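Structural overview for review
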Amino acid sequence: MTHPRTLTVQGVEVPAFIYGTAWKEDRTAELVGLALKAGFTAIDTANQRRHYVEAGVGDAVAASKIPREKLFLQTKFTSIDGQDDRLPYDAKADVAKQVWQSFDSSLEHLRTTYLDSL
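My aim in this report is to walk through the structure given alongside it, one point at a time. Here the structure is a predicted model, which means the values were calculated and not measured. (Residues numbered from 1 in each chain as written. Predicted model: local features only at pLDDT ≥ 70, side-chain atom pairs only at ≥ 80, totals over all residues. Heavy atoms only, no water.)

1. Digging into the overall build of the chain
Short version of the rule: Numbering of helices and strands starts at the N terminus; helices are DSSP runs of H or I of at least 4 residues and strands are runs of E of at least 2. Throughout, the radius of gyration refers to the C-alpha atoms, and the reference size of a globule is 2.2 Å times the residue count to the power 0.38. Note on classification: 1.4 Å probe, protein chains only; a residue is buried when its accessible area is under 20% of the maximum for its type, exposed when over 50%, partly exposed between these limits.
From N to C terminus, the chain includes three helices and five strands. Of the regular secondary structure in the chain, the N- to C-terminal order runs β-β-β-α-β-α-β-α. For 118 residues, the compact-globule formula gives about 13 Å, and the C-alpha radius of gyration of the chain, at 15 Å, lands near that figure. On the principal axes, the C-alpha backbone points of the chain span a range of 50 × 35 × 25 Å. By the burial criterion, 40% of the 118 residues in the chain qualify as buried.

2. Focus on the sheet that holds strand β4 (residues 42-44)
The line we're drawing: Strand pairing follows a simple DSSP-based rule, namely that at least 2 bridges must link the two strands.
The strand order β3-β4-β5 describes an open sheet built from three strands, whose pairing is parallel. Only two strands of the sheet have a single partner each, and these edge strands are β3 (19-20) and β5 (72-74). In terms of strand pairing, β4 meets β5 through three bridges, oriented parallel. Residue alanine 42 lies in a different strand from β5, and its bridge partner there is phenylalanine 72.

3. Notes on helix α2 (residues 54-64)
Owing to its 3.6 residues per turn, the α-helix aligns residues three or four sequence positions apart on the same side. Rules: The contact definition used throughout considers only heavy atoms, calling two residues in contact when any of these lie within 4.5 Å.
All buried positions along α2 are accounted for by Glu54, Gly56, Val57, Gly58, Ala60 and Val61. In this structure, the buried residues of α2 make contact with α1 (28-37), β4, β5 and α3 (95-110). Where α2 terminates, the next one or two residues include lysine 65, which has phi positive at roughly 65°.

4. Focus on the side chain of serine 106
For clarity, the cut-off: N or O atoms closer than or at 3.5 Å make up a polar contact, with two conditions inside protein: a donor-capable atom paired with an acceptor-capable one, and, for residues adjacent in sequence, both atoms drawn from side chains.
Mapped onto the fold, serine 106 is located in helix α3. Judged by relative accessible area, which is 1%, serine 106 ranks as buried. Of the polar contacts made by the side chain of serine 106, one reaches the side chain of asparagine 47; its length is 3.4 Å. When near neighbours in sequence (up to four residues on either side) are disregarded, serine 106 contacts Asn47, Glu54, Thr75 and Leu115.

Dropping the structure here:
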């Protein structure tokens, strides 16, 4: 039995397998690099320093030299109660502004101008 490489979810083509980057800490860039070399084209991360090193994902993606349009990059917004003291947004801002600040920070971390999923 073969498995599809992509699935269509509400009209959006999504890779069937996505490499998760939580809890990799100082090995994030190395392990994401290995995943990309192994053939993963989709990476899941989050702008939540408690469990993710999103900038390490960006380092690995940049080092891979894989064209951006060949990758599916997914990140997440984490509300303040799921964060530690390293917030990617202004804690006093309203939630909509926090989401935008986190989104902009993710673009910077991942060294890209767009995300495939938030």
